[in-house]
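Architecture at a glance
The primary structure of each chain is shown beneath.
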Amino acid sequence: MYENYYGLNARPFLLSPDPKFFFASNHHQRALSYLQYGLDQGEGFIVITGPIGTGKTTIARNLLSNLGDDSIVAAQLVTTKLDPHELLELIAAEFQLDVVSKSKAEILQVIEKFLISLHKQGKRALLLVDEAQNLPAETVEELRMLSNFQLNNKPLIQSFLLGQEELKGIIQAPNMEQFRQRIIASAHLKPLSCEEVQSYIRHRLAQAGYQNEELFSENAYQLIFEKTLGVPRKINIFVDRLLLFGFLEELAVIDSKAINEVAEEMDIELTGSINARQQTGATEPAQLVVNSSENVESMREVLREVEDILENSIKQKIKLSRYVDKLLKQKNIELASKNSEVSDS
């Protein structure tokens, strides 16, 4: 797509978490430091919370990719609403333990035997539970029970919980006091500031090989911050679309005009319908009066909105056609170059 046009060796704003693109804002670096501190302690729970799209999973992937410690056997769970038995089955599966058709008690025995075998090898287990806000309270309590597996006064498994803000409510419930006492550190991620948004975008572009002049105009970062509210996932979606737009429009610099146009296009695509107008204070639908100037104006307004949507749809199709043409031209150039090399040889 736009990678060649902007001199990139990869797409820098993919949604899938990639440790290569990890950006250490103040909040993210603090959360990562807590996780690393928890690893050094070798016991207790670390809890990382934050709104959707703030990078909790990216932090977990970054931690796992940089462990550099063969003594830690890590497994990562992305949870749904699991009951305690289902949680244990999933944990066993992640550690590649055979627990098919076994009872909960038998699964616990298999897990404990596995953890003891790790301990005898000088190793320990690490469990990262992502989207932990989906777990019922009794399932979170089951994680606490797993932490009771010890040998020579040393815990055999350690758990990190990463989840949205609802996880706080689960942990703060009165019946979760024992679990809270096992938490040795916690952190809450926040969206990026405007300055951090600028650094975040530049960092990801640099990681993708961008070496040219400044790609965004002076006030572009403030606008991107306002459109995305500093949420990393939203930034990725929006800036990826900006780069595609810049490629299609052959822009060397992405300015406020381009940002506002893309934001408007995406807003129309996301809503996808004309907002219904509601009549307040009326118990029955108003009778249509053909000669009413107010009614005629209302119909004109609806038609104008339909016209705007159709016009934007046509623009998108034109841009897509131009994009296909660009790709075909690039392929023809590459083919001609290869043919020239063959004939020269």
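A few points on the structure.

Negative charge collects at one region of the surface, where Asp83, Glu86, Glu89 and Glu138 lie side by side. With respect to the helices, strands and loops of the structure, glutamate 89 is situated in helix α3 (residues 84-94).

Another aspect to go through is the nonpolar core. Ranked by internal contacts, the top residues of the largest apolar core, which has 35 residues, are Ile91, Ile111, Leu115, Leu143 and Leu161. Residue assignment for this core shows that the elements contributing at least two residues are β1 (45-49), β2 (72-78), α3, α4 (104-120), β3 (124-130), α5 (137-146), β6 (157-163) and α6 (166-171). With five residues, α4 is the largest single contributor of residues to this core. Setting aside anything within four residues of it in sequence, one finds leucine 161 in contact with Phe45, Ile46, Val47, Ile48, Val129, Ala132, Val140, Leu143, Leu167 and Phe179. One finds Leu242, Phe245, Phe247 and Val262 within the second-largest nonpolar core, a separate group that totals 33 residues.

With that settled, consider the packing of helix α1 (residues 26-41) against helix α2 (residues 56-65). Running from amino to carboxyl end, α1 crosses α2 at an angle of 45°, the nearest separation of the two axes being 10 Å. Taken as axis vectors, α1 and α2 run oblique relative to one another. Our pair here, α1 against α2, has a crossing hand that is right-handed. Here His28, Ala31, Leu32, Leu35, Gln36 and Leu39 of α1 come into contact with α2, specifically with Ile59, Asn62 and Leu63. By residue class, the composition of the contact of α1 with α2 is six nonpolar, three polar and no charged.

What the five strands build is an open sheet, ordered β2-β3-β6-β1-β7; its pairing is parallel. Only two strands of the sheet have a single partner each, and these edge strands are β2 and β7 (183-188). Strand-to-strand twist of the sheet, defined as the mean angle between neighbouring strand axes without regard to direction, takes the value 15°. Where α2 meets the sheet, its contacts fall on β1, β2, β3 and β6, and the angle it forms with β2 comes to roughly 160°. In the packing of α5 onto the sheet, the strands contacted are β1, β3 and β6, and the crossing angle to β6 comes to about 155°.

Mapping serine 217 onto the fold places it in the loop between α8 (194-207) and α9 (220-228). Reaching out from serine 217, the side chain makes a polar contact with the side chain of asparagine 219 at a distance of 3.1 Å. When near neighbours in sequence (up to four residues on either side) are disregarded, serine 217 contacts Val253, Ile254, Asp255 and Ser256.

Let us look at α8. Taking 1.5 Å per residue, 14 residues should reach 20 Å; α8 reaches 20 Å between its end C-alpha atoms and fits that length. Listed in full, the buried residues belonging to α8 are Cys194, Glu196, Val197, Tyr200, Ile201, Arg204 and Leu205. Projected onto a plane normal to the axis of α8, the buried residues spread over an arc of 165° and lie on a single side. Contact partners of the buried residues in α8: α1, α9 and α10 (232-248).

Criteria and thresholds
Residues numbered from 1 in each chain as written. Predicted model: local features only at pLDDT ≥ 70, side-chain atom pairs only at ≥ 80, totals over all residues. Heavy atoms only, no water. Patch = residues over 30% accessible without salt bridge, like charges linked within 9 Å, V, L, I, M, F, W, Y side chains within 5 Å. Areas by Shrake-Rupley, 256 points an atom, 1.4 Å probe, with all protein chains shown as cover. Salt bridge = Lys/Arg side-chain N within 4 Å of Asp/Glu carboxyl O. Lys, Arg positive; Asp, Glu negative; His and termini not counted. Charge placed at Lys NZ, Arg CZ, Asp CG, Glu CD. Helix = DSSP H or I, 4+ residues; strand = E, 2+ residues; numbered from the N terminus. Core = buried A, V, L, I, M, F, W, Y, C linked by side-chain atoms within 4.5 Å. Buried < 20%, exposed > 50% of the residue type's maximum accessible area, 1.4 Å probe, protein only. Contact = heavy atoms within 4.5 Å. Axes fitted to C-alpha atoms, helices over the stretch in contact; angles between N-to-C directions. Parallel < 35°, antiparallel > 145°, perpendicular 65-115°, else oblique. Left-handed = near helix turned anticlockwise from the far one by under 90°. Nonpolar A, V, L, I, M, F, W, Y, C, P; charged D, E, K, R; others polar. Pairing = 2+ DSSP bridges. Polar contact = N/O pair within 3.5 Å; in protein donor to acceptor, adjacent residues only side chain to side chain. Expected span 1.5 Å × (residues − 1). Arc of directions from axis to C-beta.

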